[in-house]
Amino acid sequence: MKTYIDTGKKDTRSGFGEGLTELGRTNPNVVALCADLIGSLKMQDFIDENPERFFQTGIAEANMMGMAAGLTIGGKIPFAGTFANFATGRVYDQIRQSIAYSGKNVKICASHSGVTLGEDGATHQILEDIGLMKMLPGMTVINTCDFNQTKAATIAIAEHDGPVYLRFGRPKVANFTAEDQKFEIGKAVHLYEGRDVTIIATGHLVWEAIQAAQKLSEKGISADVINIHTIKPLDEKAIIDSVKKTGCVVTAEEHNFLGGLGESVARTLAEHNPAPQEFVATQDTFGESGTPDQLMEKYGLNAEAIIKATEKVLKRK
Amino acid sequence: MSKIKELEDFATQVRRDILRQVHKVNSGHPGGSLGCTEFFTALYQGGIMEHNPEFNMDGKEEDLFFLSNGHISPVFYSTLARSGYFPVDELNTFRLINSRLQGHPTTHEGLPGIRVASGSLGQGMSVALGAAQAKKLNKDNHLVFALLGDGELQEGQNWEAIMYAAGNKVDNLIATVDLNGQQIDGSTETVLPMGNMKAKFEAFGWDVIELEDGNNMQQVLDGLNEAKSRTGKGKPVCVLMTTVMGNGVDFMMHTHAWHGKAPNDEQLETGLAQNPETLGDY
């Protein structure tokens, strides 16, 4: 079984910060905006190197999204950063009208998504953002799993012409994808070949899926594991091909089971290859204060939860 | 013919176009459109804006205009069509299925002259701000214009943008507020009194010009030229333009009743008779 090595825990938001800094050096059209969260979004290096290309909007996310839309008129590629909650729900109509419907080339960069934001609690832990964003026509939705992938994704989305929602997080997590990876929007990453069950994970749950697959292997269960970093457009072929082979699927995400990756997978399978599915996700609930690990355990978002879901789905085959 | 008379004739034809567009589909917003006819004429025909009907979304090396109160699309469409952005006959398709002339303006169908969708109120000023900042980055000395409704200023996003523009010395931006004192549910005074608009903008750090009669072509030209002369001096410029909703059609004036209502056949004839054909109907 292939071994994925954690090269040292790092936060995905720092991957965003490094990617943005690199873009600042390589693409003169890239500009950045932030609504009073520079430190949290790791944007300081970009700002130090390109002060004229940075726009501090203050605590005014609606204006930030509108300004980002306006900056595209004149050829700029704006990266607008704030917490996922304030980058989606708070400004949904601004994104809908001024960015998505208007077809503007804005990159919405959302940190601190999900319960792993931790102690700040439910006011800041959005678990609905993937659903909100994937419903917008023309919006690309990406949820990266580690530092290296987030950095690669940040750089890649600058080359994509159109609005993108890039979702990442706060805690330091395993960094296991290749440093020199080529990030292809809409292309699934196959982590393990298996025959008994398909495990499809996104974001922080990808590392948990790897841990789960290794433990399942010890129990004689062979898991096909797919890292879906792009929830929209979804790599439907990778999903269908895998489930045709395994006959059942477990989806895993740090998001409500309503509106998330699991629903996108279920819709794809319902249309092309119906199969039993279990959802590792929050169950239509808000989060709460706690450490990231405590919250992932309490809300059933870890390797153990994936193993339990796998055992359950296997019985439904 | 004097330049003013030419512009007034253009505005009269635009009024006819507004009435005919909304009458045909029995929907749309004639009141605010009629009130802003002189403003649009001045921008696109009166030499206020340097603009290119060979439309390019990026709009480099030209002045840009953003309509935030998108519901007054009939005046925008007529002005753009008659300024060469798209065929005048296309006004026939206003609000019809498969049209580029959607109820509220959009980039989605590729209509030349539109740079952002608007209709959900309160968003245009922020977009104009971003475009103005892009012009500065591009070392493009042209200006960005925006039009907002007065009722629209009840949306909080405007005040985020107003604060940002002054705090960051966005002095290549001229935002005009259409002070017609009306909104859907009644007068702005009865729906939500907004107090002293001039004092509010000045308190936020803007350079404010009061344009007393936004339906007088000469005054509109003078006011907007004065606004242009005040750009580049470290402050965003606001033009508080008092207009009469429904201006030019007597039974539509001084009331909010025609905010979003189309005239019937008889009312159309009355309105058209008050605005005789000048450039030719589409």
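Residues numbered from 1 in each chain as written. Chains lettered and ligands numbered in written order. Predicted model: local features only at pLDDT ≥ 70, side-chain atom pairs only at ≥ 80, totals over all residues. Heavy atoms only, no water.

**So, the overall build of chain B**
Part 1 of the reasoning: Of regular secondary structure, chain B possesses 10 helices and 7 strands.
Part 2 of the reasoning: Taking 282 residues into account, the globule formula puts the C-alpha radius of gyration at 19 Å, and chain B, at 17 Å, falls close to it.
Part 3 of the reasoning: Projected onto its principal axes, the C-alpha coordinates of chain B cover approximately 50 × 45 × 40 Å.
Part 4 of the reasoning: Buried residues in chain B amount to 59% of all 282 residues.
Part 5 of the reasoning: Sequence-distant contacts, at least 24 apart, represent 76% of the contacts inside chain B between residues at least 6 apart.
Part 6 of the reasoning: Carbon and sulfur atoms provide 47% of the accessible area of chain B, an area that totals close to 10400 Å². (Helix = DSSP H or I, 4+ residues; strand = E, 2+ residues; numbered from the N terminus. Rg over C-alpha atoms; globule rule 2.2 N^0.38 Å. Buried < 20%, exposed > 50% of the residue type's maximum accessible area, 1.4 Å probe, protein only. Contact = heavy atoms within 4.5 Å. Areas by Shrake-Rupley, 256 points an atom, 1.4 Å probe, with all protein chains shown as cover.)

**A short note on the overall build of chain A**
Part 1 of the reasoning: For chain A, the helix and strand inventory stands at 13 helices and 14 strands.
Part 2 of the reasoning: C-alpha atoms of chain A, sized along the principal axes, occupy 60 × 40 × 35 Å.
Part 3 of the reasoning: By sequence separation, contacts in chain A at least 24 residues apart represent 80% of the contacts at least 6 residues apart.
Part 4 of the reasoning: Carbon and sulfur atoms make up 49% of the accessible area of chain A, which amounts to about 11600 Å² in all.
Part 5 of the reasoning: Treating the 33 positive side-chain charges of chain A as one cloud and the 40 negative ones as another, the clouds have centres 3 Å apart. (Lys, Arg positive; Asp, Glu negative; His and termini not counted. Charge placed at Lys NZ, Arg CZ, Asp CG, Glu CD.)

**Some remarks on helix H13 (residues 303-315) of chain A**
All names here are of chain A.
Part 1 of the reasoning: The first and last C-alpha atoms of H13 sit 19 Å apart over 13 residues, in line with the 18 Å expected at 1.5 Å per residue.
Part 2 of the reasoning: Among the residues of H13, those classed as buried are Ala 303, Ala 305, Ile 306, Ile 307, Ala 309, Thr 310 and Val 313.
Part 3 of the reasoning: Of the surrounding elements, those touching the buried residues of H13 are strand E10 (197-201), helix H9 (205-218), strand E13 (249-256) and strand E14 (277-282). (Expected span 1.5 Å × (residues − 1).)

**As for the pairing of E14 of chain A**
Part 1 of the reasoning: Of all 6 residues that make up E14 of chain A, 5 are buried, and the element is covered over most of its length.
Part 2 of the reasoning: Since E13 of chain A and E14 of chain A lie parallel, the crossover through helix H11 (residues 261-272) of chain A that links them has a hand, and here it is right-handed. (Right-handed = clockwise from strand over helix to strand, strands pointing away.)

**Regarding the packing of helix H10 (residues 236-246) of chain A against H11 of chain A**
All names here are of chain A.
Part 1 of the reasoning: For the pair H10 and H11, interaxial distance at closest approach is 10 Å and the crossing angle is 65°. For the pair H10 and H11, the sense of crossing is right-handed. Only Val 265, Arg 267, Thr 268, Leu 269 and His 272 of H11 make contact with H10, whose side of the interface consists of Glu 236, Ile 239, Ile 240 and Val 243.
Part 2 of the reasoning: Here the residues of the contact of H10 with H11 are counted per class, giving 5 nonpolar, 2 polar and 2 charged. (Axes fitted to C-alpha atoms, helices over the stretch in contact; angles between N-to-C directions. Left-handed = near helix turned anticlockwise from the far one by under 90°. Nonpolar A, V, L, I, M, F, W, Y, C, P; charged D, E, K, R; others polar.)

**Here's the deal with the nonpolar core**
Part 1 of the reasoning: One finds Phe 201 and Trp 206 of chain B to be the most contacted residues of the largest nonpolar core, which totals 73 residues.
Part 2 of the reasoning: Composition of this core by domain shows at least three residues from each of domain 1 (10-173) and domain 2 (189-315) of chain A.
Part 3 of the reasoning: Residues within four places of Trp 206 of chain B in sequence aside, it is in contact with Met 125, Ile 162, Ala 165, Ala 166, Leu 173, Ala 175, Phe 201, Lys 235, Pro 236, Val 237 and Cys 238 of chain B.
Part 4 of the reasoning: Ranked by size, the runner-up nonpolar core spans 53 residues in total, among them Phe 94, Ile 174, Val 239 and Met 252 of chain B. (Core = buried A, V, L, I, M, F, W, Y, C linked by side-chain atoms within 4.5 Å. Domains from an automatic or database assignment.)

**Quick word on helix H6 (residues 92-101) of chain A**
Part 1 of the reasoning: Residues Gln 94, Ile 95, Gln 97, Ser 98, Ile 99 and Ala 100 of chain A constitute the buried set of H6 of chain A.
Part 2 of the reasoning: Downstream of H6 of chain A by one or two residues, Gly 103 of chain A has phi in the positive range, about 65°.

**So, the interface of chain B and chain A**
Part 1 of the reasoning: Residue-level contacts link 29 residues of chain B with 28 residues of chain A.
Part 2 of the reasoning: Counting the surface lost from both chain B and chain A, the interface buries some 2200 Å², and carbon and sulfur atoms represent 55% of this.
Part 3 of the reasoning: Where chain B meets chain A, there are 0 salt bridges.
Part 4 of the reasoning: One can count 18 residue pairs in polar contact (both at pLDDT 80 or more) joining chain B with chain A.
Part 5 of the reasoning: Of all the secondary structure elements, the ones that give two or more residues to the side of chain B that touches chain A are strand E1 (64-67), helix H5 (124-137) and helix H6 (156-167) of chain B.
Part 6 of the reasoning: Considering each element in turn, the side of chain B that touches chain A owes the most residues, 8 residues, to H5 of chain B. (Buried area = accessible area lost by both parts, 1.4 Å probe. Salt bridge = Lys/Arg side-chain N within 4 Å of Asp/Glu carboxyl O. Polar contact = N/O pair within 3.5 Å; in protein donor to acceptor, adjacent residues only side chain to side chain.)

**What to know about the domain arrangement of chain A**
Residues and elements named next belong to chain A.
Part 1 of the reasoning: Along its sequence, chain A is organised into domain 1 (10-173) and domain 2 (189-315).
Part 2 of the reasoning: Put simply, the middle of domain 1 and the middle of domain 2, counted by C-alpha atoms, are 25 Å apart.
Part 3 of the reasoning: For the pair domain 1 and domain 2, the summed buried surface comes to about 2300 Å²; carbon and sulfur atoms form 56% of the total.
Part 4 of the reasoning: On the domain 1 side of the contact with domain 2, Val 115, Leu 127 and Lys 134 bury the most area, a combined 27% of that side's loss.
Part 5 of the reasoning: The interface formed by domain 1 and domain 2 includes 0 salt bridges.
Part 6 of the reasoning: At the junction of domain 1 and domain 2, the tally comes to 22 residue pairs in polar contact (both at pLDDT 80 or more).

**Considerations on the packing of aromatic side chains**
Part 1 of the reasoning: All told, the structure shown has 18 aromatic pairs over all chains when counted by the stated rule.
Part 2 of the reasoning: Measuring from ring centre to ring centre gives 4.9 Å for Phe 16 of chain A and Phe 168 of chain A, while their planes differ by 20°; the resulting arrangement is stacked. Taken together, the residues span a long stretch of sequence, with Phe 16 of chain A in helix H1 (residues 12-26) and Phe 168 of chain A in the loop between strand E7 (164-167) and strand E8 (172-173) at a distance of 152 residues. Phe 168 of chain A matches Phe 16 of chain A in its accessibility class, with the two residues each being buried.
Part 3 of the reasoning: With a centroid separation of 6.5 Å and an interplanar angle of 50°, the aromatic rings of Tyr 44 of chain B and Phe 76 of chain B are classed as tilted. In this pair, Tyr 44 of chain B is assigned in helix H3 (residues 37-45) and Phe 76 of chain B in helix H4 (residues 73-82), connecting sequence segments 32 residues apart.
Part 4 of the reasoning: What makes Tyr 44 of chain B buried here is its relative accessible area of 7%.
Part 5 of the reasoning: A residue is classified by how much of its surface remains accessible, and Phe 76 of chain B, at 3% relative accessible area, is buried.
Part 6 of the reasoning: Pairwise contacts between aromatic rings join Phe 39, Phe 40, Tyr 44, Phe 65, Phe 76 and Tyr 85 of chain B into one cluster. (Phe/Tyr/Trp six-rings, centres within 6.5 Å; stacked < 30°, edge-to-face > 60°.)

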